[in-house]
Amino acid sequence: LWVNHPDITEPAEDKVRQLRIAQACGLVVPKTIITNEPESVVGFLAEVNGPVVAKTIRSPRVSTEKVKLAYTHLLSETDLSHLDALQLAPCIFQEYVLKEIELRVTIVGREVFTAAIYSQEHPDSFIDWRKVDYSELRHEAFTLPDFIAARCLALTHRLNLSFAAIDLIKRPDGQYVFLECNPNGEWGWIQAVTELPISEAIARLLASG
C-alpha cells in the first residue's frame, strides 16, 4: 500500500479534474474560469459582478534566486492592467467566497479528521491563510455534517486516493464550499494544534496493507 502512489498522486493534483469530480460528488464549488485569454477574464468579471480571486493551476511555488509562493489573491486593478501576461501562463479565476471559517479535512482511508482554521481573525489571512504562520491562527477540531464528510470521502475515492487533504470554506450562511484537494498535503501541524490522531490513522492504514 502506498499513501499515495506517485502514479495516482500526479493526476489527482489536476485542479480542473478535482473541481469536476467534486461537483459530481455533490460538493458546491465556486464559479470558476480557467483561461489564458484576457477577454474571457473580463467577461467572467462581468458575470460574477463581485470580487474575484486568482490562483495558480499547479504548484504555487515560484523558483527564482529565492523560492516564493504565489498566494491566492483578490484580482486588483493592477492585475487587470497586465492581463496580457495570461498568454504565457493560464490561471484559475474564481468568485470570492465569503468565509466564516476555513476547514482542512484530512482523509485517511475511511477516516475523516477536520480542523477549523479561523483565518478571518487575522488581517493577513483573509484571502489565503498560508500567508500567516499557523501558530498565529486559532485552530479547533471540527465535526463535519455527515453528508459533507460522505461527499469528501466520495471525492477521495473517485481520485483513487487513500489519503487526501481537502480545503473547504464554511460560509456565514452555513453552506460548505469546496476549494481544492491536495493528495500529498501537510498534516503534522494540524495534529500538533488540535490533537487529532492523524498519525495513528496513517499507521493503521499502512499496517492494514
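Details of the structure are given in the entry above.
Report on the accompanying structure. (Residues numbered from 1 in each chain as written. Predicted model: local features only at pLDDT ≥ 70, side-chain atom pairs only at ≥ 80, totals over all residues. Heavy atoms only, no water.)

### Points about the sheet that holds strand β11 (residues 176–182)
Link 1 in the chain: In spatial order, the strands read β9-β8-β7-β10-β11; together these five strands make up an open sheet with antiparallel pairing. Pairing within the sheet leaves two strands with one partner each, and these edge strands are β9 (139–142) and β11. Pairwise comparison of adjacent strand axes, ignoring direction, gives a mean angle of 25 degrees for this sheet.
Link 2 in the chain: Taken strand by strand, helix α7 (residues 198–208) contacts β7 (101–108), β8 (111–117) and β10 (163–170), and its axis lies near 25 degrees from that of β7. (Pairing = 2+ DSSP bridges. Helix = DSSP H or I, 4+ residues; strand = E, 2+ residues; numbered from the N terminus. Axes fitted to C-alpha atoms, helices over the stretch in contact; angles between N-to-C directions. Contact = heavy atoms within 4.5 Å.)

### Notes on the nonpolar core
Link 1 in the chain: Membership of the largest hydrophobic core comes to 27 residues, with the highest contact counts inside it found for Leu-144, Leu-155, Ile-166, Leu-168, Phe-178 and Cys-181.
Link 2 in the chain: Listing elements by their share of this core, those giving two or more residues are α2 (15–24), β7, α5 (146–158), β10 and β11.
Link 3 in the chain: No other element matches α5, which puts five residues into this core.
Link 4 in the chain: Once you skip the residues sitting within four places of it in the chain, Leu-144 turns out to touch Leu-103, Val-105, Val-112, Thr-114, Ala-149, Leu-168 and Tyr-176. (Core = buried A, V, L, I, M, F, W, Y, C linked by side-chain atoms within 4.5 Å. Buried < 20%, exposed > 50% of the residue type's maximum accessible area, 1.4 Å probe, protein only.)

### Describing the side chain of Thr-106
Link 1 in the chain: Along the chain, Thr-106 turns up in strand β7.
Link 2 in the chain: Classification of Thr-106 as buried rests on a relative accessible area of 0%.
Link 3 in the chain: Dropping the residues within four chain positions of it, Thr-106 is found in contact with Glu-111, Val-112, Phe-113, Phe-163, Ala-164, Trp-187 and Ile-198.

### Side note on the packing of aromatic side chains
Link 1 in the chain: According to the stated counting rule, one finds two aromatic pairs in the structure shown.
Link 2 in the chain: For the pair Trp-129 and Trp-189, a centre-to-centre distance of 5.6 Å together with 40 degrees between the ring planes defines the contact as tilted. Remark: Trp-189 occurs in helix α6 (residues 188–194) and Trp-129 occurs in the loop between β8 and β9; sequence separation between them is 60 residues.
Link 3 in the chain: Given a relative accessible area of 12%, Trp-129 falls into the buried group.
Link 4 in the chain: Look at Trp-189 and you get buried, because its relative accessible area is 11%.
Link 5 in the chain: Seen in terms of ring centroids, Tyr-134 and Trp-189 are 6.5 Å apart; in terms of plane orientation they differ by 45 degrees. Their pairing is tilted. Remark: Trp-189 occurs in helix α6 and Tyr-134 occurs in the loop between β8 and β9; sequence separation between them is 55 residues.
Link 6 in the chain: One aromatic cluster is present, formed by Trp-129, Tyr-134 and Trp-189 through successive ring pairs. (Phe/Tyr/Trp six-rings, centres within 6.5 Å; stacked < 30°, edge-to-face > 60°.)

### Here we look at α5
Link 1 in the chain: Its 13 residues give α5 an end-to-end C-alpha distance of 18 Å, which sits within 8% of 18 Å, the value for a rise of 1.5 Å per residue.
Link 2 in the chain: Where α5 is concerned, the buried positions are Ile-148, Ala-149, Cys-152, Leu-153, Leu-155 and Thr-156. Burial along α5 is one-sided: seen end-on, the buried residues are contained in an arc of 160 degrees. Facing away from the buried side of α5 by over 90 degrees, the exposed positions are Asp-146 and His-157.
Link 3 in the chain: Buried residues along α5 sit against α2, β7, β8, β10 and β11.
Link 4 in the chain: Backbone geometry just downstream of α5 places Asn-160 in the positive-phi region, at approximately 65 degrees. (Expected span 1.5 Å × (residues − 1). Arc of directions from axis to C-beta.)

### Focus: the pairing of strand β6 (residues 91–95)
Link 1 in the chain: In terms of strand pairing, strand β1 (residues 32–35) meets β6 through four bridges, oriented antiparallel. The partner of Ile-33 across the bridge, within β6, is Phe-93.
Link 2 in the chain: By the bridge criterion, four bridges tie strand β2 (residues 52–55) to β6 in an arrangement that is antiparallel. Among the inter-strand pairings, Lys-55 is bridged to a residue of β6, identified as Ile-92.

### Some remarks on the environment of Ala-54
Link 1 in the chain: Structurally, Ala-54 is set in strand β2.
Link 2 in the chain: Overall, Ala-54 belongs to the buried group, its relative accessible area being 7%.
Link 3 in the chain: Ala-54 sits 22 residues away from Thr-32 along the chain, and the two C-alpha atoms are 9.9 Å apart.
Link 4 in the chain: Those residues within four positions of Ala-54 in sequence are excluded, and the remaining contacts are Tyr-71, Thr-72, His-73, Leu-75, Ile-92 and Phe-93.

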